[in-house]
Amino acid sequence: VDATAYTYLDHAATTPMRPAAVQAMLPYLSERFANPSGSHRFSREVRKAVDDARETVAQVIGCQPGEVIFTGGGTEADNTALLGADNGALVCPATEHHAVLDVVRRAGGSVVAVDETGHVDLVALAARLDDAASPVSAVSVMAVNNEVGTITDMAAVAAVVARHGRGAMLHTDAVQAACWVDLRDVWAHVDMLSLSAHKFGGPKGVGVLAVRAGSPLRPLIIGGGQERERRSGTHNVPGIVAMASALQETDAERVCETERIGALRDFLVDTIRESLPEVIETVPRARKVAGSAHLCVPGVENESLLFLLDEAGVCASAASACASGAMEPSHVLAAMGVPIDVARGALRLTLGSTTTADDVHVGAHAVIAAVQRLQMRTVPA
Amino acid sequence: MKVLVALSGGVDSSVAAAELLADGHEVVGITMRLWGGSSDTGCCSVADVDDARRVAQQLGIDHVVFNFTDDFHRHVVDPYVAAHQQGVTPNPCIECNRHLKFDRLAERADVLGFDAVATGHHAQIGHFGGRPHVRRGADAAKDQSYVVHMLPERELHRTLFPVGHLTKTDVRARATARGLRTAAKPDSQDVCFITSTGGREQFLGERIPFRAGTVVDGDGRRLGEVPAVELVTLGQRRGIGLPGGGPKRYVIAVDHQAATVTVGDEHDLLRSSISADATTWAHGAPEVGATVMVQTSAHGDARPARLVQIIDDRITLDWQQPQRAVAAGQSVVCYDDGNLFVLGGGIAR
């Protein structure tokens, strides 16, 4: 596989590791292999790397190092947060990632409505919290939506939870936020926050759950008592070290990168819409993160569109895929009230730290060519 | 040619893809996701998709999965359930071929710039009277021309059956020779959306109310009761609530309206003619009076019959020798008098 053969516009699925993060993890894959929980000098050296990483991560989130729990990724962080707090009902909006939504559903919790931009409906949330017959233990609202890129007004959500929640905790899946949003501004309003390293230039299989000190949380994974007994299992030292490096770099570059990538995103969408004025921007740009372009192409089936883009070497996506690899109809667009025939033409193009002007130029023209070809060959119903 | 090959995860479609590659075609593999519910046999379980993907990787071809669950429900599952409620026994595999493989998938392939769609069916396309027709597969015991009989003229020109000229033994030998992981995989037998543990009874029971039925003999004498008249099929011998021993008794009529099942001996099942609706022809209907070979089940033998009436898409055929009655909903497929080429087919009424 030669990555340079592709025009990669799927950074929300995963983004390449930052070179510095790769360098940071290498020693821990080879000579610095000791178990950080050991009692000897070699272990203590490695333990320092984990502690340093924890401090770095805490600085970017704006929390205390003791509030950082290293996990095996974003899904584990979400599961830990919700299943560890389910001494009452769980609540989330209908547009959550399956790592939250399916946990809430399986636990018999409540799913509340969103508006047409995908933002949680605060009135509906308040009404659910007011239902005294079913006290809520935790509310989970994602900081940034993975499909359409909508940013949550976390201060407003927190105000509703504080006023109506009778002590309910507020968790946020911030997996899609790290590159675009100052996590300190999110953390200020929540009790728990999930991150996944591979979404911001770290490796896959490692993540963070930040839990505000004093919050009750039962561990999901039980064993050797690592992470102050909140997440057992030998530390993924290379992953943790690389994640901290990537998060620190991402945070340092965030303001500049948001501006640069936002301009590329605007060029991408504007170029497509100039040739294809019928293309719908699913969420207004002012409401979403800079790296996300989500479009609906009426009359086109996104499986066909993705096939042609794939043939052209452009990596894009539509909604989430099921276990077989087939595209599922988007639950996010359905919750937003997007008609099914419009949602069928959904296309997600997401940009990241390695995206260049050339990428968006090639990507835009590949989308235009593919859509025009499908429009030409599709017999109108 | 640029060919889209439907990979089910079974041995036939695996070898079909390999044969196309060996013939120098540009090949892309596609697996259709059809059924979202539980499944243990069919072509859309995750394990089968895994097999399809691994075969594609081994052959070095691209593999994609298309989600056609919406059309599968609309054209196959929902009608299957509704039909049972009306006492009709459809063949869902045929409806899947009609609406999914040789319609939706074929359309998609055309839109995406493919010249042909290939499947692993044991059938062939041959020329008869100068025109392309579905032809029986080379392996008489595995022939699947019956289940692909509905191929419209347009698709006859752009469908490939790369293993149709092989016997099943040949197919497995070629899979083994190429080291394909599906070489020894058992054939799928059953309807993909019905589990072997729950069966048709559980599947339908979760979707429609069952009505108890009275079992009577030809004179209307009450003999017993069945718990679900929706599960009784014409010609059925077991599970009709009658004591063992005595003469063999078959279901010779099912009156769904009155929830009455009539049983009789084998002779009572024989009919001198058969009618079918929704008939389609590869290249127009034969003339009335023509003798054709008629097959009424996937693995039954074809028998000669004379086409005596065509009214729009309804046909009536007189059997040369009386034949067992065919349950409404089953496909009635007409072959040429040499019993090799599919002329057309419809649905028994």
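Residues numbered from 1 in each chain as written. Chains lettered and ligands numbered in written order. Predicted model: local features only at pLDDT ≥ 70, side-chain atom pairs only at ≥ 80, totals over all residues. Heavy atoms only, no water.

A.B. asks: What am I meant to see in the nonpolar core here?
C.D. replies: Across soluble globular proteins, nonpolar side chains show a tendency to be buried alongside one another. Counting residues in hydrophobic clusters, the biggest one holds 125 residues, and the most contacted among them are Ile61(A), Leu195(A), Leu349(A), Phe72(B) and Phe193(B). Considering every element that reaches this core, the biggest residue donor is helix H8 (residues 237–275) of chain A, with 13 residues. With near-sequence residues (within four places) excluded, Leu349(A) lies in contact with Leu9(A), Leu268(A), Ile272(A), Gly291(A), Ser292(A), Ala293(A), Leu295(A), Ala316(A) and Val367(A). Counting residues in hydrophobic clusters, the runner-up holds 23 residues, among them Val11(B), Leu20(B), Val163(B) and Ala175(B). (Core = buried A, V, L, I, M, F, W, Y, C linked by side-chain atoms within 4.5 Å. Buried < 20%, exposed > 50% of the residue type's maximum accessible area, 1.4 Å probe, protein only. Helix = DSSP H or I, 4+ residues; strand = E, 2+ residues; numbered from the N terminus. Contact = heavy atoms within 4.5 Å.)

A.B. asks: Is there a simple way to think about the interface of chain A and chain B in this case?
C.D. replies: Much of the literature gives interface size as the accessible area that the parts lose upon coming together. On the side of chain B, 18 residues touch chain A, which itself brings 19 residues to the contact. Both faces combined, the contact of chain A with chain B buries some 1,600 Å², and carbon together with sulfur accounts for 50% of it. At the boundary of chain A with chain B, the tally comes to 4 salt bridges. In this structure, the salt-bridge partner of Glu301(A) is Arg108(B), at a minimum N-O distance of 3.0 Å. There are 7 residue pairs in polar contact (both at pLDDT 80 or more) connecting chain A and chain B. Among the elements that make up the side of chain A that touches chain B, the one with the highest residue count is helix H9 (residues 302–311) of chain A (5 residues). Split into classes, the residues belonging to the side of chain A that touches chain B amount to 8 nonpolar, 4 polar and 7 charged. (Buried area = accessible area lost by both parts, 1.4 Å probe. Salt bridge = Lys/Arg side-chain N within 4 Å of Asp/Glu carboxyl O. Polar contact = N/O pair within 3.5 Å; in protein donor to acceptor, adjacent residues only side chain to side chain. Nonpolar A, V, L, I, M, F, W, Y, C, P; charged D, E, K, R; others polar.)

A.B. asks: Is there a simple way to explain helix H3 (residues 69–85) of chain B in this structure?
C.D. replies: Note on helix geometry: an α-helix contains 3.6 residues per turn, so any two residues three or four positions apart are oriented the same way. Residues and elements named next belong to chain B. Here H3 spans 22 Å end to end across 17 residues, near enough to the 24 Å set by a 1.5 Å rise per residue. Approximately 30° is the largest bend angle found in H3, and it occurs at Pro-79. Looking at H3, one finds that the buried residues are Thr-69, Asp-71, Phe-72, Val-76, Val-77, Tyr-80, Val-81, Ala-83 and His-84. Next to the buried residues of H3 lie strand E2 (26–33), strand E3 (62–67), helix H4 (92–111) and helix H7 (199–205). Looking one or two residues past H3, Gly-87 carries a phi angle of roughly 80°, positive in sign. (Expected span 1.5 Å × (residues − 1). Bend = angle between axes of the 7 residues up to and from the residue.)

A.B. asks: Quick question: what am I supposed to make of the packing of helix H1 (residues 19–29) of chain A against H8(A) here?
C.D. replies: Residue and element names in this part refer to chain A. H8 packs onto H1 with a crossing angle of 160° between their chain directions and a minimal axis gap of 8 Å. Judged by the inter-axis angle, H1 sits roughly antiparallel to H8. The chirality of how H1 crosses H8 is right-handed. For the pair H1 and H8, contact is made by Ala-20, Ala-21, Ala-24, Met-25, Tyr-28 and Leu-29 and by Val-237, Pro-238, Gly-239, Val-241, Ala-242, Ser-245, Ala-246 and Glu-249, respectively. The residue inventory of the contact of H1 with H8, partitioned by class, reads 11 nonpolar, 2 polar and 1 charged. (Axes fitted to C-alpha atoms, helices over the stretch in contact; angles between N-to-C directions. Parallel < 35°, antiparallel > 145°, perpendicular 65-115°, else oblique. Left-handed = near helix turned anticlockwise from the far one by under 90°.)

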